[in-house]
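Chain by chain, the residues run as shown.
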Amino acid sequence: MSKIILVASGKGGAGKSTVSALLAEAFASKKHPTLVIELDSGLWSLDVAFGAAENIVFDLGDIIRGSCNIEDAVVPCPFCEGLSLIAAAAKPAAVKTETIEKISSALSEKFEYIILDCPAGIGETLENAAKCAELGLIVATPDPSSIRGAGRAGDLLSSAGVPERRLVIERCPRKAKELSPIKNLDEIIDGAGLQLIGVIWEDPKTRSAMDSGEMLSFESPNYQTFRDLSERIRGRYIPLGFK
Ligand SMILES: Nc1ncnc2c1ncn2[C@@H]1O[C@H](COP(=O)(O)OP(=O)(O)OP(=O)(O)O)[C@@H](O)[C@H]1O
Ligand SMILES: [Mg+2]
């Protein structure tokens, strides 16, 4: 069986798709085949990050309508072996739990990890995804409304019975004083009420990897950050190292 990880946030634009794509790349580059499913219906966004914008013929909507086989909608990433994408349905509609379960059982031999890139907020798709995820990563940027939203998303995942829920702080400045009005990372952790599993740095190379459909550069400070995050998820103890 694949391990299903969902990526959520309270507020939009927190970095869910970035975390989904680059965590998936980190797993795949360590020979753990990984599929990302975009659940944010209405908008494709990861096709560009995966360098696959020209290669998508079928998407999640086609799977839902039964107009293609599940395998036909799985698009391999051209620059990272073992990394694949199912692009979002074009029509905005909540994705059902059964759809995710059907895909994961059809592809369980092929992928060790399935990452669900969820829509922002605490809507129906998140509730449905929560019913089949083993781990929920809740992404927040260091700003008060994003932190509050992360707390609410964490509560929803907890009520839905997601066994493990962890906080990922995204777009963290390298200098503590730039966190203002937030005083320190503990304030974010306490505000969200979640255990921290990773801190992703604000970094132009991370943004350009997503915009240009290329592998995250070795020179990015987040190159190791995402590999460490993937190892922590696999149960290895890697200190967060900045507290
Ligand atoms: N660590 C980072 N450093 C710099 N830019 C980043 C970082 N993480 C994300 N971004 C940028 O922030 C913007 C929002 O990121 P992203 O699309 O991943 O958020 P999202 O939570 O998926 O948004 P949405 O709620 O719209 O789905 C993008 O332009 C992305 O390139
Ligand atoms: Mg997104």
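Residues numbered from 1 in each chain as written. Chains lettered and ligands numbered in written order. Predicted model: local features only at pLDDT ≥ 70, side-chain atom pairs only at ≥ 80, totals over all residues. Heavy atoms only, no water.

Caption draft 1: The arrangement of the overall build of the chain in detail. From N to C terminus, the chain includes nine helices and eight strands. The C-alpha atoms of the chain give 17 Å as radius of gyration, which agrees with the globular expectation for 243 residues (18 Å, within 12%). Considered along the principal axes of its C-alpha atoms, the chain spans approximately 50 × 40 × 30 Å. Counting only residues that meet the buried cut, the chain has 56% of its 243 residues in that class. Partitioning the intrachain contacts of the chain with sequence separation of at least 6 by distance along the chain shows that 78% fall at a separation of at least 24. Here the chain displays about 10900 Å² of accessible surface, and carbon together with sulfur accounts for 49% of that area. Across the chain, 27 positive and 33 negative side-chain charges occur, with their mean positions spaced 5 Å apart. (Helix = DSSP H or I, 4+ residues; strand = E, 2+ residues; numbered from the N terminus. Rg over C-alpha atoms; globule rule 2.2 N^0.38 Å. Buried < 20%, exposed > 50% of the residue type's maximum accessible area, 1.4 Å probe, protein only. Contact = heavy atoms within 4.5 Å. Areas by Shrake-Rupley, 256 points an atom, 1.4 Å probe, with all protein chains shown as cover. Lys, Arg positive; Asp, Glu negative; His and termini not counted. Charge placed at Lys NZ, Arg CZ, Asp CG, Glu CD.)

Caption draft 2: Geometry of the site of ligand 1. The environment of ligand 1 is formed by 18 residues, the closest being K16, S17, T18, E170 and W201. The contact in question runs from a nitrogen atom of ligand 1 to an N or O atom on the side chain of E170, over 2.9 Å. When ligand 1 sits alone it has 640 Å² of accessible area, and the protein chains cover 80% of it. Among the secondary structure elements, those contributing two or more residues to the shell around ligand 1 are α1 (16-29), β7 (164-172), β8 (195-201) and α8 (204-212). By residue number, the principal contributor to the shell around ligand 1 is α1, which donates three residues. Split into classes, the residues belonging to the shell around ligand 1 amount to four nonpolar, seven polar and seven charged. (Near = heavy atom within 4 Å. Polar contact = N/O pair within 3.5 Å; in protein donor to acceptor, adjacent residues only side chain to side chain. Nonpolar A, V, L, I, M, F, W, Y, C, P; charged D, E, K, R; others polar.)

Caption draft 3: Layout of the pattern of salt bridges. One pass over the full model with this rule turns up nine salt bridges. Notably, a salt bridge pairs K30 with E231, separated by 3.1 Å at the nearest N-O pair. Within this pair, whereas K30 is found in the loop between α1 and β2 (34-38), its partner E231 is found in helix α9 (residues 221-233), the two being separated by 201 residues in sequence. Residue classification places E231 among the buried residues on the basis of a relative accessible area of 11%. The network of salt bridges with shared partners includes K30, E231 and R236. (Salt bridge = Lys/Arg side-chain N within 4 Å of Asp/Glu carboxyl O.)

Caption draft 4: Up close: the side chain of D59. Along the chain, the position of D59 falls in the loop between α2 (46-49) and α3 (60-65). Of the side chains with opposite charge, R65 lies nearest to the buried D59, which makes no salt bridge, at 4.6 Å. A polar side-chain atom of D59 sits 3.5 Å from a polar atom in the side chain of W44. Beyond its immediate chain neighbours, meaning those up to four positions away, D59 contacts W44, A73, I86, A87, A88, A89 and A90.

Caption draft 5: Local environment of the state of the cysteines. Under the counting rule described, the total for this entry stands at zero disulfides. This cysteine, C68, is not joined by any disulfide, and C132 carries the nearest cysteine sulfur, 19 Å off. Free cysteine C77: the closest other cysteine sulfur is in C80, separated by 5.6 Å. Under the relative-accessibility criterion, C77 is labelled buried at 6%. (Disulfide = S-S within 2.5 Å.)

Caption draft 6: Layout of the pairing of strand β4 (residues 83-86). Residue alternation in β4 divides its side chains into two sets, L83 and L85 and S84 and I86, and both sets are buried. In the sheet, β2 pairs with β4 via four bridges, with the strands oriented parallel. Paired with V36 across the two strands is L85, which belongs to β4. Relative to β4, strand β3 (residues 75-76) runs antiparallel, the two being bridged by two bridges. Bridge pairing in β4 places V75 opposite L85. Between β3 and the antiparallel strand that follows it, β4, lie six residues; G82 among them carries a positive phi value of about 90°. (Pairing = 2+ DSSP bridges.)

Caption draft 7: Focus on the packing of aromatic side chains. Inspection of every chain in the model, using the stated rule, returns two aromatic pairs. On the basis of an interplanar angle of 50° and a centroid distance of 4.8 Å, the ring pair of F218 and Y223 is categorised as tilted. In this structure, R174 packs its charged tip against the face of W201, placed 4.2 Å from the ring centre. Directly above the aromatic system of Y223 lies the positively charged group of R227, at a separation of 3.7 Å from the ring centroid. (Phe/Tyr/Trp six-rings, centres within 6.5 Å; stacked < 30°, edge-to-face > 60°. Lys NZ or Arg CZ within 6 Å of the ring centre and 35° of its normal.)

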